[in-house]
Amino acid sequence: MSEGVQTPSAFTPRVFSGIQPSGNLHLGNYLGALKRFADSQDSGIQSIFCMVDMHAITVWQDPTDLRRATRELAAGFIASGVDPERSILFNQSQVSSHAELAWIFNCVARMGWMKRMTQWKDKAGKNQENASLGLFAYPALMAADILVYHATHVPVGEDQKQHLELTRDIAIKFNNDFGVEFFPVPEPVIEGSATRVMSLRDGAKKMSKSDASDASRINLTDDADTIARKIRKAKTDPEALPSEVKGLEDRPEARNLVNIYAALNDQSVDQVLADVGGRQFSEFKPMLADLAVAQLSPITVEMARLMGDVSEIDRILARGAERAREITGPIMKQTYEIVGMVRG
Ligand code: TYM
């Protein structure tokens, strides 16, 4: 091991997570990520949240749309309760250590690991030859996002589990290759009843910003009427709601609406079913619509207010990036030393 490099065996707990600014921020992002980020601030653990604009460009983004989506996402974080003073909030491209560490991880990770990623297979589709090299290497950048802060806990939705496993593999291989205990092996935090919010039109598909049908998702920019209409039209089955969880087996659409209700109301699925078991969807849907509007409308209104002053948003992100660089600078310096790069 190189001289002067510390090898901490225990790491101070630190939370890191990121969201792509690729438009259509939706209820899945809110319940699976944003709401939980806001809650995690109360744990007393330092939290770092990032708008991953460099991940977004792994598929084509119109530059004007990207700028707007980045600011809108920042507004979404703040409106959801992420406090840019208590947490560190910034966009990825302003902290160049992410890209620097990603390059080193490109040289640690193996092609075979990347080829197994389901997101790569889904997004590249049949035409892999024509997908960007960035899309293929995406998980190495994600590992760098997390590990450049020595983050130990990563709150995400279920769909990011495989990427987190790869992050752990990269940390372990780097440490083994160089004979150090430099990077922590971070824990995914996938908790609560809404780690996988499904489409409102098809209970077998996850709610996604890229679904062609706008009715499949509730966007954080939807007004109260639109939210209520989308819930009223959500696909369901003709049965009444059961009073126990096992009664939701093989009923993906019913399960999804109950999960959403539970997450919005900070209840367990058992508690919700104890209250609503036996009711028809004609009764439950208006309850869910009222709850969703009550919880989401203030966020929508606050996002719109914040978007009225983009220079303030830009100032918040620049300040967050400055605080982020204070953490990544020393970690990158040590990383270069471990790898054997000469630094003047
Ligand atoms: P992204 O931008 O697709 O999604 C952001 C967060 O929202 C969660 N999510 C959902 N949760 C529940 N139900 C859904 N239908 C749903 N859809 C999305 C995601 O799990 C995620 O937590 N690769 C990441 C971004 C990223 C990142 C990171 C995350 C880049 N670097 C480092 C954590 C740490 C992504 O594309 O998320």
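For the structure given in this document, a descriptive report is provided here. Starting afresh in each chain, residues are numbered from 1 along the sequence in its written order. Per-residue local features are limited, in this predicted model, to residues with pLDDT of at least 70; the limit for side-chain atom pairs, both in listing and counting, is 80 or more; totals at the level of whole chains, interfaces and linings are taken over all residues. Side-chain calculation: all heavy atoms of the structure are included, whereas hydrogens and water are not.

Points about the pattern of salt bridges
Alright, step 1. For salt bridges, the criterion is a side-chain nitrogen of Lys or Arg within 4 Å of an Asp or Glu carboxyl oxygen. Summed over the entire model, instances satisfying the criterion amount to 19 salt bridges.
Alright, step 2. Here Glu244 makes a salt bridge to Lys246, at a shortest N to O gap of 2.8 Å.
Alright, step 3. You can call Glu244 partly exposed: its relative accessible area is 46%.
Alright, step 4. The salt bridge involving Glu302 is made with Arg305; its shortest N-O contact spans 3.0 Å. Residue Glu302 and its partner Arg305 are located together in helix H12 (residues 281-307), separated by 3 residues, close to a single helical turn. To sort residues, take the accessible area from a 1.4 Å probe on protein chains only and compare it with the maximum for the residue type: under 20% means buried, over 50% means exposed, and anything in between is partly exposed. Counting from the N terminus, the helices are the DSSP runs of H or I reaching at least four residues and the strands are the DSSP runs of E reaching at least two.

Quick look at helix H13 (residues 310-339)
Alright, step 1. Each helix should span, by expectation, one fewer than its residue count multiplied by 1.5 Å. Taking 1.5 Å as the rise per residue, H13 with 30 residues should run 44 Å; its terminal C-alpha atoms sit 40 Å apart, in good agreement.
Alright, step 2. A residue's bend is the angle separating two fitted axes: one through the seven residues that end there, the other through the seven that start there. Thr328 marks where H13 bends most, by close to 30°; the proline Pro330 follows one to four residues later.
Alright, step 3. Immediately beyond the C-terminal end of H13, within one or two residues, lies Gly340, with a positive phi of roughly 100°.

Quick word on unusual backbone geometry
The phi angle of most residues is negative, glycine excepted, and most peptide bonds adopt the trans form.
Alright, step 1. With a phi angle near 65°, Asp250 is a residue other than glycine that sits in the positive phi range.
Alright, step 2. Summarising the element assignment, Asp250 is placed in the loop between helix H9 (224-233) and helix H10 (252-264).
Alright, step 3. What makes Asp250 exposed here is its relative accessible area of 77%.
Alright, step 4. The backbone phi angle of Asp266 is positive, close to 55°, even though this residue is not glycine.
Alright, step 5. Within the element layout of this structure, Asp266 appears in the loop between H10 and helix H11 (269-276).

A short note on the environment of Ser216
Alright, step 1. Residue placement: Ser216 occurs in the loop between strand S5 (187-189) and H9.
Alright, step 2. On a C-alpha basis, the gap between Ser216 and Leu200 in space is 4.6 Å, while along the polypeptide they are 16 residues apart.
Alright, step 3. The contact criterion used throughout is that any non-hydrogen atoms of two residues lie within 4.5 Å. The contacts of Ser216, once residues within four sequence positions are left out, are Ser199, Leu200, Arg201, Met207 and Asp211.
Alright, step 4. We call two N or O atoms a polar contact when they sit within 3.5 Å, provided that within protein one can donate a hydrogen and the other can accept it, with sequence-adjacent residues counted only if both atoms are side-chain atoms. A distance of 2.6 Å separates a polar atom in the side chain of Ser216 from the backbone oxygen of Ser213.

As for the pairing of strand S2 (residues 46-51)
Alright, step 1. The buried count for S2 comes to 5 of 6 residues, which makes it a mostly enclosed element.
Alright, step 2. Strand pairing is assigned whenever DSSP detects at least two bridges linking the two strands. Of the pairings in the sheet, the one linking strand S1 (residues 14-19) to S2 comprises 6 bridges and is parallel in character. From the neighbouring strand, Phe16 faces S2, where its bridge partner is Ile48.
Alright, step 3. When the strands point away from the viewer, a crossover counts as right-handed if the path from the first strand over the helix to the second runs clockwise. Handedness of the S1-helix H1 (residues 27-40)-S2 crossover: right-handed.
Alright, step 4. Pairing analysis gives 4 bridges linking S2 to strand S3 (residues 88-91), with the strands arranged parallel. By the bridge assignment, Phe49 is partnered in S3 with Leu89.

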